[in-house]
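A look at the structure
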Amino acid sequence: MIYRYDYDVIAQWIEPGEKVLDLGCGDGSLLRHLMEVRQVQGYGVENDTDKLLACVKNGVDVIQIDMEKGLAGFEDGFFDHVIMSLSLQAMHNTQGILAEMLRVGREAVVSFPNFGYWRHRQSILNGRMPVSESLPHQWFNTPNVRFFTIADFDALCEMNGIAVRERLAFDEGKLILEEPNFLASVAVYRLGRP
């Protein structure tokens, strides 16, 4: 199982025993972590067959759904938190999935790589697409279809009436307090309805 520093950030926002839905859950590592440290009732959503099998091996309940089509099988407000960790940039229907997350969950937690990070800008100035810890793929094999910054995401939330309850930004696991759109490689948001 993979461990990432953002797991602890996300766990701080989750109360013990909550119902949690993890969209694009991969091998289920985040849910497994939340089950261990917060005793959540966790469910994963994944579309990749190999990752579905990895979830089962990790003891995570997982459902195969194409998230681009929404979350129609889930009741309004059924979950305390709906999480999408480092997957939003791979979604075509960004606004739709954010609306669905806040429909089925009381709050949403989203993390994503910040394309405005200074090292990513430097790569582009040098004539190459960025490859980093937060953007590990080459341009020709990346699952990413949306390239956005922290400032872009803030504007999207404002435009769609999404309440930003908390935002933390990081570079190599260190909290960035000043100029996060420039100095942070990853952002983690706690979102709610207005």
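Please read all numbers here as calculations on a predicted model, not as lab measurements. (Residues numbered from 1 in each chain as written. Predicted model: local features only at pLDDT ≥ 70, side-chain atom pairs only at ≥ 80, totals over all residues. Heavy atoms only, no water.)

What follows covers the overall build of the chain. Tallying secondary structure elements over the chain gives seven helices and eight strands in all. Referenced to the eigenvectors of the C-alpha coordinate spread, the extents of the chain come out at roughly 45 × 35 × 30 Å. Across the 194 residues in the chain, those meeting the buried criterion constitute 47%. Taking all contacts inside the chain whose residues are at least 6 apart in sequence as the whole, residues at least 24 apart take part in 65%. Surface summary for the chain: the accessible area is close to 9,800 Å², and the carbon and sulfur share equals 52%. (Helix = DSSP H or I, 4+ residues; strand = E, 2+ residues; numbered from the N terminus. Buried < 20%, exposed > 50% of the residue type's maximum accessible area, 1.4 Å probe, protein only. Contact = heavy atoms within 4.5 Å. Areas by Shrake-Rupley, 256 points an atom, 1.4 Å probe, with all protein chains shown as cover.)

The next point concerns the pairing of strand 4 (residues 79-85). Within strand 4, six of the seven residues are buried, which leaves the element mostly enclosed by the surrounding structure. In terms of strand pairing, strand 1 (residues 19-23) meets strand 4 through three bridges, oriented parallel. Within the sheet, the bridge partner assigned to Val20 lies in strand 4 and is His81. Note: strand 4 against strand 5 (residues 105-113), six bridges, orientation parallel. Looking at the pairing, Ser85 lines up with Ser111 of strand 5. Each parallel crossover has a hand, and the one from strand 4 via helix 4 (residues 94-104) to strand 5 is right-handed. (Pairing = 2+ DSSP bridges. Right-handed = clockwise from strand over helix to strand, strands pointing away.)

This paragraph deals with the pairing of strand 2 (residues 41-46). Taken residue by residue, a regular strand's side chains alternate between the two faces of the sheet. Alignment of strand 1 against strand 2, held across five bridges, turns out to be parallel. Its bridge partner lying in strand 2, Val20 is registered against Gly42. What joins strand 1 to strand 2 is helix 2 (residues 29-38), and the crossover it makes is right-handed. Sheet topology places strand 2 next to strand 3 (residues 61-64); four bridges connect them, and they run parallel. Bridge assignment links Val45 to a residue of strand 3, and that residue is Ile63. Between the parallel pair strand 2 and strand 3, the chain is carried across by helix 3 (residues 49-57), and the sense of this crossover is right-handed.

In space, the eight strands of this open sheet follow the order 3-2-1-4-5-8-6-7, with mixed pairing throughout. Only two strands of the sheet have a single neighbouring strand rather than two, namely strand 3 and strand 7 (174-175). Sheet strands in contact with helix 4 are strand 1, strand 4, strand 5 and strand 8 (186-192), and its direction is about 145° off that of strand 5. With respect to the sheet, helix 6 (residues 150-159) is in contact with strand 5, strand 6 (163-171) and strand 8, its orientation differing from that of strand 8 by roughly 10°. (Axes fitted to C-alpha atoms, helices over the stretch in contact; angles between N-to-C directions.)

The next thing to look at is the environment of Leu71. One can find Leu71 in the loop between strand 3 and strand 4. Separated by 29 residues in sequence, Leu71 and Glu100 place their C-alpha atoms 6.2 Å apart. With residues up to four places along the chain from it excluded, the contact list for Leu71 reads Leu23, Ile97, Glu100, Met101, Arg103 and Val104.

To continue, consider the state of the cysteines. Evaluated as defined, the whole model comprises zero disulfides. Cys55 supplies the cysteine sulfur nearest to Cys25, a cysteine that is in no disulfide, at a spacing of 3.5 Å. On the accessibility criterion, Cys55 (0% relative accessible area) is buried. (Disulfide = S-S within 2.5 Å.)

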